[in-house]
Amino acid sequence: MVDQLRMFLDRVAAAVPPPDLVNEITKLAAEFNARLQSHEVAEYNQVAGQLIDLPGRAQLLTPAYTVEELDDQRAAGHVRFGRHHLGNNGAVHGGAIPLLFDDLLGRLALVGGRPKSRTAYLHIDYRSITPIDEDLQFEAWFEREEGRKRVLRGAIRHNERVCAEAHGLFVALRPGQP
Ligand SMILES: CCCCCCCCCCCC(=O)SCCNC(=O)CCNC(=O)[C@H](O)C(C)(C)COP(=O)(O)OP(=O)(O)OC[C@H]1O[C@@H](n2cnc3c(N)ncnc32)[C@H](O)[C@@H]1OP(=O)(O)O
């Protein structure tokens, strides 16, 4: 379902459908929404975002990324941004790139039994165009840990070319801290 929804977003972004088809699809989408509404659960019971083996852990906000290597210091894998992530001229929207890094670095910050943390800052350097509809490689790693502070870095590459780099501080939450 999540794969189809991601594809739907890409199709909506790319298509210029005739009015009849727009009306038909709007009705179908309204029906899907109504059917799902009756199955809504509280945040802590939802599965979207918890399905760690699915691309982007089935979190629709996040680009579909797949972790292929993971230990308690480093993660690596690939990501593909779709048409609905387009900024312009074939380049990924500048706001979609921090989404990937926040999720990826935030996830690595948890590995190895570390307590939950929240992003205190996330700095992105846009080094070159990040293309949509291409398989891109990413890497994330720990720079250092000082008490509750975890400083992580990341990079996205298209083949050998660096597209974007990230530098983030994640602060481990105290017990009971939201
Ligand atoms: C299957 C599931 C997978 C799950 C995989 C899930 C991955 C998703 C990850 C997503 C993560 C997010 O997006 S989280 C959402 C976005 N972030 C937020 O909403 C956070 C909002 N901010 C906060 O809640 C707070 O400011 C905190 C928690 C970040 C920090 O507050 P605090 O706990 O009171 O700590 P505080 O004493 O202020 O700071 C602790 C230390 O960090 C330093 N520090 C704090 N903020 C900063 C800062 N911006 N820049 C520099 N340094 C800072 C302080 O100087 C201090 O250093 P020293 O004096 O000790 O040296």
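Residue numbering note: each chain is counted from 1, following its sequence as written. For this predicted model, a pLDDT threshold of at least 70 governs which residues receive local features, and a threshold of 80 or more governs which side-chain atom pairs are given and counted, while totals over whole chains, interfaces and linings are taken from all residues.

### Here's the deal with the site of the ligand
This is how the line gets drawn: Think of it this way: take the backbone, place a C-beta atom on it, and check whether that atom is within 6 Å of the molecule or strand, in which case the residue is near it. To qualify as a helix, a DSSP run of H or I must reach at least 4 residues; to qualify as a strand, a run of E must reach at least 2; elements of each kind are numbered from the N terminus.
The ligand sits among 17 residues. The nearest are G106, R107, R118, A120 and V171. Of all the secondary structure elements, the ones that give two or more residues to the shell around the ligand are helix 3 (96-108), strand 5 (117-126) and strand 8 (161-172).

### Structural notes on the pairing of strand 6 (residues 136-146)
Selection rule: Should DSSP find at least two bridges between two strands, the strands are regarded as paired.
As defined by bridge partners, strand 2 (residues 74-80) adjoins strand 6 across 6 bridges and the pair is classed as antiparallel. Its bridge partner lying in strand 6, H78 is registered against Q137. For strand 6 and strand 7 (residues 149-158), the ladder comprises 9 bridges, and the chain directions are antiparallel. By the bridge assignment, F142 is partnered in strand 7 with L152. The loop that links strand 6 with its antiparallel partner strand 7 comprises 2 residues; one of these, G147, has a positive phi angle of about 60°.

### Comments concerning the UniProt feature "domain: Thioesterase" (unreviewed entry) in the chain
How we decide: UniProt positions are given in the numbering used here, feature names are shortened, and annotations may be inferred rather than shown by experiment.
Cross-referencing UniProt, the feature "domain: Thioesterase" (unreviewed entry) maps to residues 89-160 in the present numbering. Each end of residues 89-160 is marked by a C-alpha atom, and these two atoms are 21 Å apart; helix forms 18% of the span and strand 46%.

### Some points on the nonpolar core
Rule in force here: As used here, a nonpolar core is made of buried Ala, Val, Leu, Ile, Met, Phe, Trp, Tyr and Cys residues. They are joined through C-beta atoms within 7 Å. Think of it as a crowd count around each C-beta: if 20 or more other C-beta atoms lie within 10 Å the residue is buried, if 12 or fewer it is exposed, and in between it is partly exposed, with C-beta placed from the backbone throughout. We call two residues in contact when the distance between their C-beta atoms, placed using the backbone, is within 7 Å.
Ranked by size, the top nonpolar core spans 23 residues in total, and within it V79, L104, L105, L108, F138 and A140 carry the most contacts. Among the elements of the structure, strand 1 (64-70), strand 2, helix 3, strand 6, strand 7 and strand 8 are those that each provide at least two residues to this core. When residues in this core are grouped by element, the largest group, 6 residues, is from helix 3. In this structure L105 touches A140, L152, G154, A166, G168 and F170, once residues within four positions along its chain are discounted.

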